[in-house]
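Tertiary structure, described
Below are the chains, spelled out letter by letter.
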Amino acid sequence: MGTRKRVHAFVRVKPTDDFAHEMIKYGGDNKTIDIHLKKDTRRGVVNNQQTDWSFKLDGVLHDASQDLVYETVAKDVVSQALNGYNGTIMCYGQTGAGKTYTMTGATENYKHRGILPRALQQVFKMIEECPTQAITVRVSYLEIYNESLFDLLSTLPYAEPSVTPMTIVESPQGVFIKGLSVHLTSQEEDAFSLLFEGETNRIIASHTMNKNSSRSHCIFTIYVEAHSRTLSDEKYITSKINLVDLAGSERLGKSGSEGRVLKEATYINKSLSFLEQAIIALGDQKRDHIPFRQCKLTHALKDSLGGNCNMVLVTNIYGEAAQLEETLSSLRFASRMKLVTTEPAINEKYDAERMVKNLEKELALLKQELAIHDSLANRTLVNYDPMDEIQIAEINSQVRRYLEGTLDEIDIINLRQIQEVFNQFRVVLSQQEQEVESALRRKYTLIDKNDFSAISAVQKAGLVDVDGHLVGEPDGQGFGLGVAPSSTRPGKKSKSKKMFKEQLRPSTPPAKPVAFEDFKNERGSEINRIFKENKSILNERRKRASETTQRINAIKREIDMTKEALNFHKSLREKQGEYENKGLMIIDEEEFLLILKLKDLKKQYRTEYQDLQDLRAEIQYCQHLVDQCRHRLLTEFDIWYNESFFVPEDLQVALKPGDSIRPGMMPLSRILSLGEDDQDRFSRLQQTMLPEGPDSVSFYNAKVKTEQKHNYLKTMMGLQQTHRK
């Protein structure tokens, strides 16, 4: 195990215009915070009321940005998690003090994101910097509301619904939540999508202290598993990072809670009280028992509180005079937390498959060493491999001859042969017992002395007397009587169960390629026919254009050859001397024929080239028609696919011919807040225009997708309610 270390405790002060400068002072080391209260004069002259407190912590974060908070509080914990150390970061404080802002941040603004999204980014960035390791990341999101456990990611379509309620289970490997879904994330954007999905499912309420008060404790866990890419390395490390956002403690008189919110506040204050009791017990070295099981919160955090974990506490406080009592309570909790020690250690495990491969490799090396040792010791060739059937049969024969006395001794070669000799002794002995029993059964009727029903039946038959002795001698020609098994009695027929296959409606829509083929044969048959005709015409024009191009190339080659021949005749004529008659050049017949041929070839070239230009214009027009048909076919398919598999069954009645809604009036893209084209443009705009840089793209992509999904669900619920009315 690792060495024990104390929990790191930080305090973050919420910025306010009404800061109590006279009552709250910061130390010069930026680690001390002093609280001063004025004495209550109503208590009289003798007044022993304490007025000053000083708290020494690991850091005071006043007017600190989200970047500074993460660098100070969480960066080291996350980086050590990839080395195999568990980590826990917890935000504690009164309601409205900024715990959720510190942990999650403002999801609408990338710059104001909190510890949790920054931790996800750091994990995936470090994975990119470790090419020698294969690292997998999984996440889960647990909510503890009114002492009940809820999975905030259970609303995902691929999450299997839990049949039994979630429970906290302890094992030698630690505490885990049975029934909590754990999701594999291969990239940063997927992890953000899971985070935003869970955030939308959290329970919040409004009261006088906080307009959006978290009414539950939430634990977002990042599971990391790192394997070496070297096949010989059988060890791998695992770790988990618990990011805990506690619900805020509140004074009921100040918050003005009523009804359901009052009940929630009671559960919250009760669980935080039990958490404080567990912290006090952990800080007391004399205490043997720690009350972890008093509530679900402390039980779920058992590994984090004083266990195998690097733990950091962020205490959020107000800086106003009206909240000074709650501030003192939160600072006392932070001071107690600093007394708690943890024992972080690297979580190393062994890959069974790689262990087997390494052991096989080591076994082969040991066999080679034995072979070398045998050769140096002048021993005969010894085989250390497992024995085959022929060798086992030979040993069996030697054992039989040894027992019969025809073989004096069995030569010992190696340990494996000795084990097989003893094994064959057992086999031969068992075979001899069976042979003796079968010989007796052939000659006698054997009855078990403990089988009283068989003995009674034999006595009634007169084969034995009352004392059990045989009457007469058996002649060996009879046959034994027995009781037939119930399964073979006449008149009994086994009943076979009939299995029926029910055609169930698929819970998920069919694959788009399969559905597309059905669409082309049914609703989209006419569009598909026009598309095929246009494509056929396009292919025919392309084929003609290709043939024309080949003819043009052939004519061009022939023109070049004719020009070369004419140039040759011209140069030859110049060498031999040119002849003129009345100012006209005299040429021979062959050169004259070449000139006529060149003229005809050029005419053909111009004609074919004009045909090619016309064909290209036709091809361009046909391509436009094909693209239009393809676009319409795909658009109609998307509308049909969405209306067939994503619109509820009760609304599909209205889509039938003759009803109020025509097919195509309600595509899925129109229900969403952003259409497909708008989303594509928005994605391109993000990558080029976001001021925060490329690191924020995955953050905003996940946010937009989550909002689109929930807007769609809200719209569909509204349509269903309208249809019911």
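Definitions and cut-offs
Residues numbered from 1 in each chain as written. Predicted model: local features only at pLDDT ≥ 70, side-chain atom pairs only at ≥ 80, totals over all residues. Heavy atoms only, no water. Core = buried A, V, L, I, M, F, W, Y, C linked by side-chain atoms within 4.5 Å. Buried < 20%, exposed > 50% of the residue type's maximum accessible area, 1.4 Å probe, protein only. Helix = DSSP H or I, 4+ residues; strand = E, 2+ residues; numbered from the N terminus. Contact = heavy atoms within 4.5 Å. Patch = residues over 30% accessible without salt bridge, like charges linked within 9 Å, V, L, I, M, F, W, Y side chains within 5 Å. Areas by Shrake-Rupley, 256 points an atom, 1.4 Å probe, with all protein chains shown as cover. Salt bridge = Lys/Arg side-chain N within 4 Å of Asp/Glu carboxyl O. Lys, Arg positive; Asp, Glu negative; His and termini not counted. Charge placed at Lys NZ, Arg CZ, Asp CG, Glu CD. UniProt positions renumbered as here; feature names shortened; annotations may be inferred. Pairing = 2+ DSSP bridges. Axes fitted to C-alpha atoms, helices over the stretch in contact; angles between N-to-C directions. Parallel < 35°, antiparallel > 145°, perpendicular 65-115°, else oblique. Nonpolar A, V, L, I, M, F, W, Y, C, P; charged D, E, K, R; others polar.

**Considerations on the nonpolar core**
- Among the nonpolar cores identified, the biggest contains 50 residues, and Ile35, Met90, Leu275, Leu305 and Met337 are the most heavily contacted of them.
- For this core, the element with the highest residue contribution is helix H7 (residues 259-283), accounting for 7 residues.
- If sequence neighbours within four positions are ignored, Leu275 has contacts with Met90, Leu246, Leu297, Thr298, Leu305 and Phe333.

**Describing the side chain of Gln122**
- With respect to the helices, strands and loops of the structure, Gln122 is situated in helix H4 (residues 115-128).
- Accessibility expressed as a relative area gives 11% for Gln122, which makes it buried.
- The contacts of Gln122, once residues within four sequence positions are left out, are Tyr70, Lys75, Val78 and Ser79.

**A closer look at a positive patch on the surface**
- Residues Lys563, Lys599, Lys602, Lys603 and Arg606 make up a contiguous surface patch of positive charge.
- With respect to the helices and strands, the residue Arg606 is situated in helix H16 (residues 589-645).
- We classify Arg606 as exposed; its relative accessible area is 54%.

**Things to note about the UniProt feature "binding site: ATP" (unreviewed entry) in the chain**
- With numbering aligned to this structure, UniProt lists the feature "binding site: ATP" (unreviewed entry) at Gly93, Gln94, Thr95, Gly96, Ala97, Gly98, Lys99 and Thr100.
- Position of Gly98 relative to the elements: it lies in the loop between strand E7 (87-93) and helix H3 (99-103).
- By the secondary structure assignment, Lys99 is in helix H3.
- Residue classification places Lys99 among the buried positions, given a relative accessible area of 5%.
- Every residue in contact with Lys99, bar those within four places of it in the chain, is listed here: Cys91, Tyr92, Gly93, Gln94, Asp245, Leu246, Ala247, Gly248 and Asn316.

**Description of the sheet that holds strand E4 (residues 32-36)**
- One open sheet accounts for 3 strands, arranged E3-E4-E5; its pairing is antiparallel. This sheet does not close on itself; its edge strands, each paired only once, are strand E3 (24-26) and strand E5 (52-56). Geometrically, the sheet is characterised by an average inter-axis angle of 20° between neighbouring strands, direction not taken into account.
- Running at roughly 40° to E5, helix H9 (residues 324-338) makes contact with E3, E4 and E5 of the sheet.

**So, the packing of helix H14 (residues 512-521) against H16**
- Running from N to C, H14 and H16 cross one another at 105°; their axes reach a closest spacing of 10 Å. Between H14 and H16, the angle falls in the class roughly perpendicular. Of the residues in H16, those in contact with Lys512, Ala515, Phe516, Phe519 and Lys520 of H14 are Leu633, Leu634, Glu636, Phe637, Asp638, Trp640 and Tyr641.
- Of the residues in the contact of H14 with H16, the class split is 8 nonpolar, no polar and 4 charged.

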